[in-house]
Amino acid sequence: MTEPADVAVVGAGPAGLAAAVTAADLGLSVTLLDAGERPGGQFYRHPAPGLRAARPQALHHGWRHFATRARRLDAHRATGRVTYLPAHHVWTVVQETGHWRLHAVAGPDETAATVHARTVLLATGAYERQLPFPGWTLPGVVGAGGAQAMLKSGLVLPGRRVLVAGSGPLLLAVAGSLAAAGARVPAVVEAADYTAYARELPVLLRNPAKLTEGALHGGALLRHHTRLLTRHAVTAAHGTTRVEAVTVQRVDRDWRPVPGTARRIPCDALAVGHGLVPQLELATALGCATRSTPDDTPALALDTDQATSVPGVWAAGEAGGVGGAELALTEGEIAAQAIAHALHGTPRDPRRTAALDRRRARLRAFADAMAAAHRPGPGWADWLDDATEVCRCEEVTADRIREAVSELGAHDARTVKLLTRAGMGWCQGRVCGQAVARLAGATPAPDRRPLSCPVPLTHLTDLPAPPPPAPDPPAADPPAADPPAADPPAADPPAADPPAADPPAADPPAPDPPAPAPPASDAPPSDAPPAPHPPVRPAPTRGDTA
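About the thresholds
- Residues numbered from 1 in each chain as written.
- Predicted model: local features only at pLDDT ≥ 70, side-chain atom pairs only at ≥ 80, totals over all residues.
- Heavy atoms only, no water.
- Helix = DSSP H or I, 4+ residues; strand = E, 2+ residues; numbered from the N terminus.
- Buried < 20%, exposed > 50% of the residue type's maximum accessible area, 1.4 Å probe, protein only.
- Contact = heavy atoms within 4.5 Å.
- Areas by Shrake-Rupley, 256 points an atom, 1.4 Å probe, with all protein chains shown as cover.
- Polar contact = N/O pair within 3.5 Å; in protein donor to acceptor, adjacent residues only side chain to side chain.
- Core = buried A, V, L, I, M, F, W, Y, C linked by side-chain atoms within 4.5 Å.
- Pairing = 2+ DSSP bridges.
- Salt bridge = Lys/Arg side-chain N within 4 Å of Asp/Glu carboxyl O.
- Axes fitted to C-alpha atoms, helices over the stretch in contact; angles between N-to-C directions.
- Patch = residues over 30% accessible without salt bridge, like charges linked within 9 Å, V, L, I, M, F, W, Y side chains within 5 Å.

It is worth spelling out the overall build of the chain at this point. When helices and strands are counted, the chain shows 13 helices and 21 strands. Here the chain, with 546 residues, has 45% of them falling under the buried criterion. Here the analysis covers contacts within the chain between residues at least 6 apart in sequence; of these, 66% occur between residues at least 24 apart. Carbon together with sulfur atoms contributes 57% to the accessible area of the chain, which is approximately 27300 Å² in total.

Written out as structure tokens, the structure is:
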């Protein structure tokens, strides 16, 4: 085994990239693993090299933050301080004596890869939350983030007339990007109401850059003649071979459709999403504690150093709660400084540390306000008719889930899953899990699965067997030739008896000294093999108690 790196960073998005270069700046050896082909994550996606994009930065917000750190990454790779492993999807992390072992599926051939590190920093990002509605499985209906990914990485549009719908500030950025690239965006349909931000006025005033960013998005919508419909939702999509139109309806504060307000809007694509969900499988498999964010989304519970509840494991970015790229960059730098201090006692600049802490607190407060404002209302389930597929992988419809709840007594996503197979498909509940939990009347729970992605069986069979436990040395026994001190030698008669002159001929000879008594510990004699120990149980691979 090669010498373990000081830190293995999982994920090369804003948080992981910031953590990797900061750790290397502080003298740590870093291994950076990422499922993508190039650094930047989902936020800083790059067009494929073959497309020869002249200005990829035109598709991104805050490109300079990425470009600066990308140059630092290249410099550290050249010196050997950072080992960068693209196309490596980490599927489990295992604790060993003094370090961690990370297993990954690498490249298009899905070869096995193993990395050893003294500490682990999880920057695994998030995925999009979907709330189903009739027609959401039609071709042309894509995630809002998916539409943006198509544009950034493939320079293609999901359609020519694209409606953007759902909830969350991501919708404004997506609509602006699609319109700037040439799509006609007739409307942005937002289920929440932006007036909810007024309740967090002090938080808004502490984040003037966010207000400016919102104003820029609003200006882009005006320039492209895109309407913003707040407290509205797409309640159905219509079409035969692909989406041709959608039904847009006003919703109340609980997101229940208001009767008599439905109207149909023609489109050839629908980009829809209801915020983001932290990706926690690696962390929960290690037993890291979680918390619930203001929109009832599970996230990791972290301390002021970005450390999880498991010693030796840190996290940064969306895993600790969705908050955007700027917050992710800040948390990545804080985590790297904390790891350097923990491993080598590297002193932290008090002024820089205080500035990072203030920025994190300000941005986290805004993230919490954003989550509360766009929290899905319970009335969204009224969009669903009985035939709506909630779990697309297993083709589980809404009426089957409702039956499991109302007639079979299911009150959480796991029980619904056992009764209906919802969430047992290829995505393992990443698409339908939030919706299933909410239909069951439960708060969405953190994902707990031993493998974070599909893994070839050969990778599992080729895993090294755990070393056999070393036998304990046998308990020390007194020498066999020496009788216990409490027993006098048999040849010496008691002092009170005079010596006999000539014993009668019929008397037998004196008996041999008695054998020593066995030790009180019941240990085997020194010439016998030690009793085998019971097999050592591995540490739990889930967050559940062993």
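In this section: the environment of S452. Mapped onto the elements of the fold, S452 is located in the loop between α12 (433-439) and α13 (457-461). S452 sits 360 residues away from T92 along the chain, and the two C-alpha atoms are 6.6 Å apart. Only 2.8 Å separates the side chain of S452 from the backbone oxygen of V90, close enough to count as a polar contact.

Before going further, it helps to spend a moment on the nonpolar core. Ranked by internal contacts, the top residues of the largest apolar core, which has 42 residues, are F133, L163, V246, L270 and W380. Going through the elements one at a time, β9 (162-167), β10 (187-190), β12 (232-239), β13 (243-250), β15 (269-274), β20 (389-391), α10 (398-406) and α12 are the ones with two or more residues in this core. The next biggest cluster of nonpolar side chains, apart from the first, holds 35 residues, and it includes L17, A19, L121 and A325.

Here we take up helix α3 (residues 144-154). When α3 is considered as a whole, its buried residues turn out to be A144, A147, Q148, A149, L151 and K152. Of the surrounding secondary structure, the elements contacted by the buried residues of α3 are β7 (126-128), β8 (141-143), α4 (170-180) and β15. After α3 finishes, the residue L155 shows a positive phi value of roughly 55°.

Of all eight residues making up β13, six are buried, and the element is well covered by its neighbours. Where β12 and β13 come together, seven bridges link them in antiparallel fashion. Across the sheet, residue H238 finds its bridge partner in β13, namely A245. Hairpin geometry of β12 and β13 is characterised by an intervening segment of three residues between the two adjacent antiparallel strands.

So, on to the pattern of salt bridges. Within the structure shown, the criterion is met by 17 salt bridges. A salt bridge links E281 to R449, with the shortest nitrogen-to-oxygen separation between them at 2.9 Å. Of the two residues, E281 is situated in helix α7 (residues 281-285) and R449 in the loop between α12 and α13; the sequence distance between them amounts to 168 residues. On the basis of relative accessible area, R449 is assigned to the buried category, the value being 13%. For D447, the salt bridge is made with R449, and the minimal N-O distance between the two is 3.6 Å. Here D447 and R449 have matching classes, each one buried. Sharing partners across several salt bridges, the network here consists of E281, R430, D447 and R449.

Across the sheet, which stays open at both edges, the three strands sit in the order β12-β13-β14 with antiparallel pairing between neighbours. Lying at the two open borders of the sheet, with one neighbouring strand each, are β12 and β14 (263-266). Direction aside, neighbouring strands of the sheet carry axes that sit 30° apart on average.

By the element assignment, D295 lies in the loop between β17 (290-292) and β18 (298-300). At 3.1 Å, the side chain of D295 forms a polar contact with the side chain of R129.

Let us now look at a nonpolar patch on the surface. Taken together, the side chains of L408, L418 and L419 make up a nonpolar region of the molecular surface, amounting to roughly 300 Å² of accessible area. Position of L419 relative to the elements: it lies in helix α11 (residues 413-420).

Here the focus is the environment of A220. Of note, A220 is situated in helix α6 (residues 208-223). The spatial distance from the C-alpha of A220 to the C-alpha of G176 is 6.0 Å, given a sequence separation of 44 residues.

The next thing to look at is unusual backbone geometry. Backbone geometry at A87 places phi at a positive 55°, although glycine is not the residue there. Its location among the elements puts A87 in the loop between β3 (82-85) and β4 (88-96). Of the residues examined, A87 reaches a relative accessible area of 15% and is grouped as buried. Positive phi, close to 55°, is recorded for E110, a residue that is not glycine.

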